[in-house]
Protein chains: 2
Amino acid sequence: MTEAPDDVFKQLKLQVRRSLHGKSTVDCLEGICLASAAWLSRLERVPLVSKVAGKDYFAFQSKDRLSRAVNEKLYVCEAEDMAEFFSALRRRSFAGFDAITLTSRCYTAAIGFCCYKDCTSTGDQKTPGTFFEYFAAALFSQMSQLEPSTRIEVLNLDLRASLPTDYIFDYGPNLPKYHLPVKISTRERIIQVWAHQRVLDGVYGTGRFRGIPFIMSETKTDRRNKEVVEICLPVQWQIYQLHIAQLWRIYYCDPPAVYLGLTKLFPPIHVRSAGDLLLDFASLSKP
Amino acid sequence: MTEAPDDVFKQLKLQVRRSLHGKSTVDCLEGICLASAAWLSRLERVPLVSKVAGKDYFAFQSKDRLSRAVNEKLYVCEAEDMAEFFSALRRRSFAGFDAITLTSRCYTAAIGFCCYKDCTSTGDQKTPGTFFEYFAAALFSQMSQLEPSTRIEVLNLDLRASLPTDYIFDYGPNLPKYHLPVKISTRERIIQVWAHQRVLDGVYGTGRFRGIPFIMSETKTDRRNKEVVEICLPVQWQIYQLHIAQLWRIYYCDPPAVYLGLTKLFPPIHVRSAGDLLLDFASLSKP
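What counts and how
Residues numbered from 1 in each chain as written. Chains lettered and ligands numbered in written order. Predicted model: local features only at pLDDT ≥ 70, side-chain atom pairs only at ≥ 80, totals over all residues. Heavy atoms only, no water. Helix = DSSP H or I, 4+ residues; strand = E, 2+ residues; numbered from the N terminus. Expected span 1.5 Å × (residues − 1). Contact = heavy atoms within 4.5 Å. Buried < 20%, exposed > 50% of the residue type's maximum accessible area, 1.4 Å probe, protein only. Polar contact = N/O pair within 3.5 Å; in protein donor to acceptor, adjacent residues only side chain to side chain. Pairing = 2+ DSSP bridges. Axes fitted to C-alpha atoms, helices over the stretch in contact; angles between N-to-C directions. Parallel < 35°, antiparallel > 145°, perpendicular 65-115°, else oblique. Left-handed = near helix turned anticlockwise from the far one by under 90°. Nonpolar A, V, L, I, M, F, W, Y, C, P; charged D, E, K, R; others polar. Buried area = accessible area lost by both parts, 1.4 Å probe. Salt bridge = Lys/Arg side-chain N within 4 Å of Asp/Glu carboxyl O. Phe/Tyr/Trp six-rings, centres within 6.5 Å; stacked < 30°, edge-to-face > 60°. Least-squares fit on C-alpha atoms with pLDDT ≥ 70 in both.

Moving on, we get to helix H2 (residues 23–41) of chain B. With 19 residues, H2(B) extends 26 Å from end C-alpha to end C-alpha; this agrees with the ideal 27 Å at 1.5 Å per step. Its buried side turned inward, H2(B) meets helix H1 (5–18), strand S3 (57–62), helix H3 (79–91), helix H4 (99–120) and helix H5 (126–144) of chain B.

Here's what the structure looks like:
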């Protein structure tokens, strides 16, 4: 008998106040993943009409409630697969995993609790968002063994202020500093991420902070006709990357193909998968 | 017997597709204002606990529904006062009005329909937002006699794109171009406005477009304990004005005192009232 997902989430909330990395945090993430998967496994899966080329989606249905769209290929049902992933995360070593497998593990660990909330509450968008923030920050914190901060000091002659930010991971003097905005999806709100990067560049010097947004997906489901689309704004992204600031890399659990294609165009925007992030860690701490 | 506010709003929606300025648009705005005021006049006014120094707020109550906070001093009840305002708007001449009076007229014309929607629908945030956008754009369009566009062409070597924007009013070659983002309130979302200004500066050259956000207020009501606060982030604004782009002026229907104070600090941020905007029009078309 597993615990209720909400109960483990409460434990996670307490835990992240103490530390975003370490065994206890990974235990909570695994507990939430397992509890959500067990709860969801009893539900019917409703196929959705995918308007996204090359991807199939379904939704979990609980009475009259429908979960968000779940990518069929990325969602893993086997508890052993997920146990293997969390145990590698505890060891901080993903030797033997490839990026595609790791991406599907991250996706599963992240989306399960969100679907559970979709099916058990009415219009609660906040809790899935908060959970996903903790999830992404805990992944980064566990792999880097750094605790993030969420404020930075701004000193500018007579202006002295402390600015709230997304998670900031600082490897120390002369080493990279990462700015990790976390979003379930972005659409036109992504401009905020570029604007925050611009502020960091302005205050600390261009390139001092590397912006690496971590995003779940860009799917949108029409609950009436059960259609899933991906909402992507590649030309806006290019204009932001040209005219506002340069984001370093953008990581997705379910990366849209059109964004993956931006890597090869000008200005280059390096869109990668969540699995790539975990495999990138060997190099992230290097100048 | 006046029409239902929703019916006049439907007429406005049809009208703005044809033209944002002219007698028919002003007629619709006046119709919505009158119909909403008449409907609201039958409701009880519940005093709110104002945590905003120097300002008192109330809310309209319809059964178990409470409207947003209404600034007592700014809300005008007399139909003749509003008729006088709309007739001046039709003539495009506010001779004899001062900024304070005009601000209260704008505030009344804008907030009435929003309160009506608060009291008649559940959680419909979109319709008040759309109405307020039309309202602000129609004011600017009527005073300038220009029709706005909401897309601009971006040409950059091999990149050729059309970017969606807020309302853009263009006085023509060598004359100012205004970019008018319209928001019911902004909080941390205001960074988007600075970021859009940065894009316009980057694409067209700094100063080519003058950014003039038009905002209702920054109040937030706690419906449980009936407290009203103003959520202001003056230090963030200063950092955005220093590091992202320069906004030209920021207009409020119910301007927060702390933002009005930014005019005298560095970097100067020129916050003014909606009434000032109407009186500023004589100079807006000049280079």
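So, about the environment of B:Thr108. All names here are of chain B. Locating Thr108 in the fold gives a position in helix H4. Classification of Thr108 by relative accessible area gives buried; the value is 4%. With 33 residues separating them along the chain, Thr108 and Tyr75 place their C-alpha atoms 5.1 Å apart. Dropping the residues within four chain positions of it, Thr108 is found in contact with Leu74, Tyr75, Val76 and Met82. Only 2.7 Å separates the side chain of Thr108 from the backbone oxygen of Ser104, close enough to count as a polar contact.

Another aspect to go through is the sheet that holds strand S8 (residues 177–180) of chain B. Residues and elements named next belong to chain B. Pairing is mixed in the open sheet, where four strands are placed in the order S6-S7-S8-S10. Taken across any chain shown, the strands that pair with only one partner, and hence form the sheet edges, are strand S6 (149–156) and strand S10 (209–211). Sheet twist, expressed as the mean angle between neighbouring strand axes with direction ignored, is 50 degrees. With three bridges joining them, S8 and S10 adopt parallel strand pairing. Along S10, the bridge assignment pairs His179 with Gly211. Here H5 sits on the sheet and contacts strand S7 (159–170) and S8; the angle it forms with S7, its principal contact strand, is near 75 degrees.

Turning to the packing of helix H2 (residues 23–41) of chain A against helix H3 (residues 79–91) of chain A, a few remarks are in order. Residue and element names in this part refer to chain A. Running from N to C, H2 and H3 cross one another at 165 degrees; their axes reach a closest spacing of 10 Å. By the angle between their axes, H2 is roughly antiparallel relative to H3. For the element pair H2 and H3, the recorded crossing hand is right-handed. Residues Lys23, Val26, Asp27, Leu29, Glu30, Cys33 and Leu34 of H2 lie in contact with H3, whose contacting residues are Ala79, Met82, Ala83, Phe86, Leu89 and Arg90. Among the residues forming the contact of H2 with H3, the class breakdown is nine nonpolar, no polar and four charged.

Look at the link from A:Phe266 to A:Pro267: it is a cis peptide, with omega at -5 degrees. Among the secondary structure elements, A:Pro267 is positioned in the loop between helix H8 (257–260) and strand S15 (271–273). A positive phi is found at B:Lys63, a non-glycine position, where the angle reads about 50 degrees. The exposure class assigned to B:Lys63 is exposed, which follows from its relative accessible area of 77%. Phi is positive for B:Gln145, close to 60 degrees, though the residue is something other than glycine. Turning to its location among the elements, B:Gln145 is positioned in the loop between H5 and S6. Accessibility expressed as a relative area gives 35% for B:Gln145, which makes it partly exposed.

With that out of the way, let us pick up the interface of chain B and chain A. It is common to give the size of an interface as the accessible area lost on bringing the parts into contact. Contact with chain B, which involves 23 residues of that partner, is made by 23 residues of chain A. For the chain B and chain A pair, buried surface summed over both sides reaches about 2100 Å², with 74% attributable to carbon and sulfur atoms. Among the residues of chain B in contact with chain A, B:Leu159, B:Ile239 and B:His243 are the three that bury the most area, contributing 25% of the side total. For the interface between chain B and chain A, the tally reads zero salt bridges. Taken together, the connections running from chain B to chain A amount to two residue pairs in polar contact (both at pLDDT 80 or more). Those elements that provide at least two residues to the side of chain B that touches chain A are S6, S7, helix H6 (191–204) and helix H7 (234–243) of chain B. With eight residues, the single largest contributor to the side of chain B that touches chain A is H6(B). Looking at side-chain class alone, the side of chain B that touches chain A contains 14 nonpolar, seven polar and two charged residues.

The subject of this paragraph is the pairing of strand S3 (residues 57–62) of chain A. All names here are of chain A. Among the six residues that make up S3, five are buried, leaving the element largely enclosed by the rest of the structure. Of the strand pairs in this sheet, strand S1 (residues 44–47) and S3 are connected by four bridges, and their pairing is antiparallel. Within the sheet, the bridge partner assigned to Arg45 lies in S3 and is Phe60. Pairing analysis gives two bridges linking S3 to strand S4 (residues 65–66), with the strands arranged antiparallel. Paired with Gln61 across the bridge in S4 is Leu66.

With that settled, consider the packing of aromatic side chains. All names here are of chain B. Following the criterion strictly, the structure yields 50 aromatic pairs over all chains and no others. Their ring planes at 15 degrees and their centres at 6.3 Å tell us that Phe132 and Phe135 sit as a pair that is stacked. Pair noted here: Phe132 and Phe135 are both in helix H5, with a separation of three residues, about one helical turn. Phe132 gets classed as buried once you look at its relative accessible area, which sits at 1%.

Our next topic: the relation of the copies chain B and chain A. Under the fitted operation, chain B is carried onto chain A by 0.0 Å of movement along the axis and a turn of 180 degrees, and the coordinates agree to an RMSD of 0.0 Å. When the rotation and shift are considered jointly, the pair of chain copies conforms to a two-fold rotation axis. The fraction of interface residues of chain B whose copies in chain A are also interface residues reaches 100%, indicating that both copies meet through the same surface.

Moving on, we get to the sheet that holds strand S7 (residues 159–170) of chain A. In spatial order, the strands read S6-S7-S8-S10 (chain A); together these four strands make up an open sheet with mixed pairing. What marks the edges here is a single partner per strand, and that holds for strand S6 (149–156) and strand S10 (209–211) of chain A. Taking each pair of neighbouring strands and ignoring which way they run, the sheet shows an average axis angle of 50 degrees. Contacts between helix H5 (residues 126–144) of chain A and the sheet are confined to S7 and strand S8 (177–180) of chain A, with S7(A) contributing the most and set at about 75 degrees to the helix. The sheet strands contacting H7(B) are S6 and S7 of chain A, and the helix crosses S7(A) at an angle near 80 degrees.

Quick look at H5(B) now. The end-to-end C-alpha distance of H5(B) is 27 Å, a good match for the 27 Å that 19 residues give at a rise of 1.5 Å each. Burial within H5(B) is extensive, with 15 of its 19 residues counted as buried.

This part takes up the side chain of B:Asp118. Of note, B:Asp118 is situated in helix H4. Apart from residues lying up to four places away in sequence, B:Asp118 is in contact with B:Arg65, B:Leu66, B:Ser67 and B:Arg68.

Here the structure, examined in full by the defined rule, presents 26 salt bridges over all chains. As a salt-bridge pair, A:Lys117 and A:Asp6 come within 3.0 Å of each other at their nearest N and O atoms. Taken together, the residues span a long stretch of sequence, with A:Lys117 in helix H4 (residues 99–120) and A:Asp6 in helix H1 (residues 5–18) at a distance of 111 residues. Accessibility expressed as a relative area gives 9% for A:Lys117, which makes it buried. Close ionic contact of B:Lys23 with B:Asp27 constitutes a salt bridge, the shortest N to O distance being 2.7 Å. One end of the pair is B:Lys23 and the other is B:Asp27, both in helix H2 and four residues apart, which spans about a single turn. Each of A:Lys23, A:Asp27, A:Glu30 and A:Arg90 takes part in salt bridges that share partners, so that together they form one network.

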